[in-house]
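Chain residues, written in single-letter form:
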Amino acid sequence: MNEIVHRIAVKGSSAEEVYQRLATLEGLKSWWTVDTAGTPEKVGGKIEFRFVGGGFEMEVAKLEPGKLVEWNVVGGEKEWIGSVIRWELKEDGGYSVVLFSHTKWKEKSEFMQHCSTKWAIFLMSLKSALETGQGAPNPHDVKIDNWN
């Protein structure tokens, strides 16, 4: 299966605090993209994320407060449609561990590699937002190439 996986550990934040950054508009805007709209707090809700070069639409598939957030990609880049984005959360020794996956890519591609790097950048933005109060959401994120 073609997938992107990453792991971060966030110091000093509970899994519930991490969950709030993933399952609320305010939280998502603090680390991924400031141009976010929709209803991320309920299963079946739709979320729209906009970036300079386009955007994505997600349907909330699963929510378990403090434990899990999962979305199905239903709009945007054709390579993303049908894929699944998932965050599993747990606490371990003063850290909240985030196990991230973006699965069900139809094929490996250069764009998938680009997205893997960008997901790492945005996960570091999530970590920073929680640890320091200041993330780097789009359009303030690190730019890596012409697909930003």
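Our subject is the structure listed above.
Here goes a summary of the coordinates provided. Remember, predicted model here, so these are calculated numbers, not experimental data.

Spatially, seven strands are ordered β1-β7-β6-β5-β4-β3-β2 in an open sheet, and the strand pairing comes out antiparallel. Every other strand in the sheet has two partners, leaving β1 (2–11) and β2 (36–38) as the edge strands with one partner each. Within this sheet the neighbouring strands show an average axis-to-axis angle of 20°, counted without direction. Bridge analysis of strand β6 (residues 84–92) against strand β7 (residues 95–105) gives nine bridges, and the strand direction is antiparallel. If you follow L89 over to β7, its bridge partner there is V98. Docked against the sheet, helix α1 (residues 15–22) engages β4 (54–64), β5 (68–75), β6 and β7, running at close to 160° with respect to β6. Packed onto the sheet, helix α3 (residues 110–132) meets β1, β3 (46–51), β6 and β7 and runs at close to 15° relative to β1.

What follows concerns the environment of G75. Note that G75 resides in strand β5. G75 sits 19 residues away from G94 along the chain, and the two C-alpha atoms are 37 Å apart. Aside from chain neighbours lying at most four places away, what touches G75 is G55, F56, E57 and I81.

Next up on the list: the packing of aromatic side chains. Here the structure, examined in full by the defined rule, presents 18 aromatic pairs. For the pair W31 and W32, a centre-to-centre distance of 6.0 Å together with 15° between the ring planes defines the contact as stacked. Neither W31 nor W32 differs from the other in exposure class; each is buried. Taking the centre distance of 4.3 Å and the plane angle of 45° together, the rings of W32 and F49 count as tilted.

Here the focus is the pattern of salt bridges. Evaluated as defined, the whole model comprises eight salt bridges. The residue K46 makes a salt bridge to E59 at a minimum N-O spacing of 3.3 Å. On the criterion of sequence distance, the pair formed by K46 in strand β3 and E59 in strand β4 is long-range, its members being 13 residues apart. For K46, a relative accessible area of 43% gives the class partly exposed. Measuring nitrogen to oxygen at the nearest pair gives 2.6 Å for the salt bridge that ties R50 to E57. Judged by its relative accessible area of 29%, R50 is partly exposed. Salt bridges sharing common partners tie together E48, R50 and E57.

What follows covers the pairing of β3. The alternating pattern of β3 places I47, F49 and F51 on a buried face, while none of K46, E48 and R50, on the opposite face, is buried. Pairing of β2 with β3 involves three bridges; the strand directions are antiparallel. Bridge pairing links T36 to F49 in β3. As paired elements, β3 and β4 share six bridges and run antiparallel to each other. Within the sheet, the bridge partner assigned to K46 lies in β4 and is E59.

What counts and what doesn't
Residues numbered from 1 in each chain as written. Predicted model: local features only at pLDDT ≥ 70, side-chain atom pairs only at ≥ 80, totals over all residues. Heavy atoms only, no water. Pairing = 2+ DSSP bridges. Helix = DSSP H or I, 4+ residues; strand = E, 2+ residues; numbered from the N terminus. Axes fitted to C-alpha atoms, helices over the stretch in contact; angles between N-to-C directions. Contact = heavy atoms within 4.5 Å. Phe/Tyr/Trp six-rings, centres within 6.5 Å; stacked < 30°, edge-to-face > 60°. Buried < 20%, exposed > 50% of the residue type's maximum accessible area, 1.4 Å probe, protein only. Salt bridge = Lys/Arg side-chain N within 4 Å of Asp/Glu carboxyl O.

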